[in-house]
Every structure is written in structure tokens, then in C-alpha cells.
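# Observations on the three-dimensional arrangement
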Amino acid sequence: MAASTSDLRTIVGDGLWHRNAVFGQMLSLCPTMAVTNTATNGLGMGLATLVVLTGSNLLVAGLRRTIPTDIRIPAFVLVIATLVTVVELVMNAWLHELFKVLGLFIPLIVVNCLILGRAESFASRHTVPAALVDALAMGFGFTAALVVIGAVRELLGSGTLFADAARLLGPGFAFLEVEVIPDFAGVLVMVLPPGGFLALGFLLAGKRLLDRRAARRRVPAPMVTPAAGAAE
Amino acid sequence: MVKLLQAAWGLGAFACSAAVVLVSVDWLTADAIRQRAREDLEASLTQVLPSQLYDNDLLADTVTVPGDDGGPTVTVYRARASGRITGVGFQVSGTGYGGPIRLVLGIDPGGRLLGVRVIAHSETPGLGDGIDAAKGDWIAGFTGRALGDPPLEGWAVRKDGGTFDQLSGATITPRAVIAAVRDGLRFFAAHRSAMLAPAADAGTAAALEAGKEA
């Protein structure tokens, strides 16, 4: 099953937009709500998940003929739990600053259904390269969703963007930290859990709106001329 | 039946390989993780024990004191300037709104606080996290305080008739921190001689004290 270019494009489009983990499939909402009080936290959690997802998809796709069908789910869970523990230990040892910020969230990745979901519905049925592309697309899609929700909540909740980015990514990234609205105490509720649901709700509505507009434009596609487009 | 056995063998083999991977990674990272924990501890101690106060290796000069009410033993780190003890640092914990709050206290030999820092907490962002030195200077209000200063009933937030500022919007968090600091000072007062005993006979002093209490 060689993945053609159009297949790959579908995988990438699904991961980033159409079947985006958060905004498309509504998966992994627990970690999403927990970490997105700042854009920086969202970015960190997204990248950590991306690493685990990539490792898990590669292993599952590589072992898909070795793992007996009957025990595939426990085997996937074992693979994911092992990977997460390895990532946690390695980060604690050699990426300690990052670990201090994200440490609490790493074990949460074990129960992130996105990872098991991709193992079962994609990686176990596709080749290693296709699984890699899927993991990267899903992982970056998830990261983007977390950063967007985090940015909205942080902006409204504290008036800043990417606060503490230098602590997470190193001093080179201090330029990311912006105090958008100086001396703004912020709407506290946006930083608290209810703000997560509010931000997610409005962003979901926004995505639906964009999708519907895109669909409306696509239906009469063959006949669309610049003039017809302008009539909208 | 055969299929079931095959599945069991397969899963067993998987579990074994996972265990091998985990053990090797743990073995590879153990030293580095221990080193990082040491650095973290040192960093938190230097925040509560001003660096001009000592010239020794804080992590090398410790005594252990049995915790109150059968609690875990407390490791006390001692700051010395030319051999004389100028302060001690140890950890205490309280229960806040979001779970345990771990603090490190620095106390001078006379029982006055050199500093207090929160090293781990899970309080509400924007409310309770004002106890964190990175988020506000509330915690600096403890520096220079001692058991009798303010008197015991003053160890509370203003709202409860005490001397300490409250954090706007958070009640449980500052209460927990104030109580934990006060209990830490009491702990120091109760074990002062063991904590300040010269390194060589620290063990003896602790034993003496234990005998005295018994």
C-alpha cells in the first residue's frame, strides 16, 4: 500500500484541519482544558504530545504484523505507556527546565485518547511512512489548536501572549513574550477552567463557520467565475 | 485455546520488552535525575539562605531530625560562615486549595526567618499563585518574622485578625502558608539544639534530645 501524493495530502489536511484532534474530532479535551491557560503551556503540551504520538505511530505501524489482532489494544497501551515514561525520564534528566514546566502534564499523555485513537484507526492499518506523516499532521494540528486556545485565554485572561516562553524554550525565544495590553488585570475567568470551555466553544463555532463558507463556495465550483464569486 | 495461549504469550513478550526498555532508560537517567534534584534543592535553599551568610556546601552539611507526630524525618541543611552556623534551611508543607504546598524555610540561629519560598504548589492561577515569589512579593512579608513576632494570634491574615496581608480573592492559600510557616518555626524551636549541633556529634545531640523528651 504505497501512499500516493494525494493520499498524503488528505492525511495532512485531516490532521491539521478537517479531522483536527480538538476542533474536528473533539478528542483530548481533558489535557486541552488543563494546560491552555497560556499559549506557552499549550505549545509545550502540544510538542510533548507530538513526540509521543510520532513514536507511538512509528512503533505501532512497524509492529502491525507482529502484534496479534486479539491483543492489539493492550499492546498499544503498553507501547504508549512505555513511551511516555521514557519521555518523562529523559526530560527530567536532560531537559530539566522544560520538565519543571510540563512535568505535571506528561503523565496525562498516557490517557490522551488521541494517541490510542491514531494507533488503532491509522497506524495499525498503514505503512510506517504514512503513519509518520499522520503523526506529524495530527500532532501539529493538536499543537496549533492548543496554542490558539491558549493564546485566546491568555490574551483575555492576563493581557499577555506567550508569557514565560523563554523559560520553556530557552532565552532565545524571549522575543515571543508580548505584553499586548499593558497594565491589564485580565478577565480571571478566562484563565480558570470555565474560560477553557468558553474559548473552545467560540473557536469551534468559528471553525464551523469557516467550513460552511468553504463548502458553500465549493458546491457551485465548476461554474464559479470572479463575477459570481463577488455576488456572495 | 491455542489462540488464547498465543495471545497470552504475545502479550507477555510485549510486557517483558517494555520492562527491559524501562529498566534501561531508568538506569541511564538515574544519575542525571539525582543531579537535577540536587541542583533544584540547592537553588531553592540559596533563595532562603542569603549567599553572604555561608561559605560551605549546604547539601553536604545536613542533620536529620525526626518529624513531629511520627511524620517523615526532616533533613536540615546548615549554612556556616568560617565554621559557625549562621542559618538552617528545611522544607515544610501545608495543604492549600489545590493540594499540598511545599515551602522551604531559612531560619537564623536565633529563630528569625531569613526567608520563605514556595517550591511546589497547585493553587489557582491568578488567585492563589500570588504566594509564588515569581508572581508577587507577598511571600517576602515573612522575612524577619519569628515565633513571638508577631505574637501567636497574629499568625493569620488580616481578615482573621492577624498581621499578614491576604491575597485578593484567595483565602485558603495564604492561611495554609501562614500556618505552615508558623509550624515550621515551632518545629525549629522544638529541635533547635539538634539542628544547631556541631556536625561531628549531630547524631549524639539528636539522641540526647530524644532522651530528654522521653
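Counting from 1, residues in each chain are numbered in the order their sequence is written. Labels follow written order: the first chain is A, the first ligand is 1, and so on. Totals for whole chains, interfaces and linings use all residues, but because this is a predicted model, local features are given only for residues with pLDDT of at least 70 and pairs of side-chain atoms are given and counted only at 80 or more.

Another point: the sheet that holds strand S3 (residues 84-95) of chain B. Residues and elements named next belong to chain B. Across the sheet, which stays open at both edges, the five strands sit in the order S1-S2-S3-S4-S5 with antiparallel pairing between neighbours. Looking along the sheet, the strands with just one partner apiece sit at the ends: strand S1 (62-65) and strand S5 (113-120). Each strand axis lies, on average, 25° off the axis of its neighbour in the sheet, ignoring direction. Here S1 runs beside strand S2 (residues 74-81); their pairing, made up of four bridges, is antiparallel. Considered in S2, the bridge of valine 65 is made with valine 74. Relative to the sheet, helix H1 (residues 2-48) contacts S2, S3, strand S4 (100-107) and S5, its axis offset from that of S5 by approximately 145°. Following DSSP output, two strands are said to pair if at least two bridges run between them. A helix here means a DSSP run of H or I that spans at least four residues, while a strand means a run of E at least two residues long, and both kinds are numbered starting from the N terminus. Fitted lines through C-alpha atoms serve as axes, helices being fitted only where they are in contact, and the angles separating the N-to-C directions of these axes extend from 0 to 180 degrees. Placing C-beta atoms from the backbone, we regard two residues as in contact once those atoms come within 7 Å.

This part takes up the environment of A:Ala61. Mapping A:Ala61 onto the fold places it in helix H3 (residues 39-62). What A:Ala61 contacts, discounting residues up to four positions off in sequence, is A:Ala123, A:His126, A:Thr127, A:Val128 and A:Ala131.

A low pLDDT score tells you not to read the predicted coordinates there in detail. Residue and element names in this part refer to chain A. Mean pLDDT over chain A stands at 84; residues scoring 70 or higher make up 93%. Mean pLDDT across the secondary structure elements of chain A bottoms out at helix H10 (residues 226-230), with 46, and peaks at helix H7 (residues 128-158), with 93. The model gives residues 227-232 a pLDDT under 50, and that stretch makes two contacts with residues more than four places away or in other chains. One number per residue, pLDDT, summarises how confident the predictor is, and it ranges from 0 to 100.

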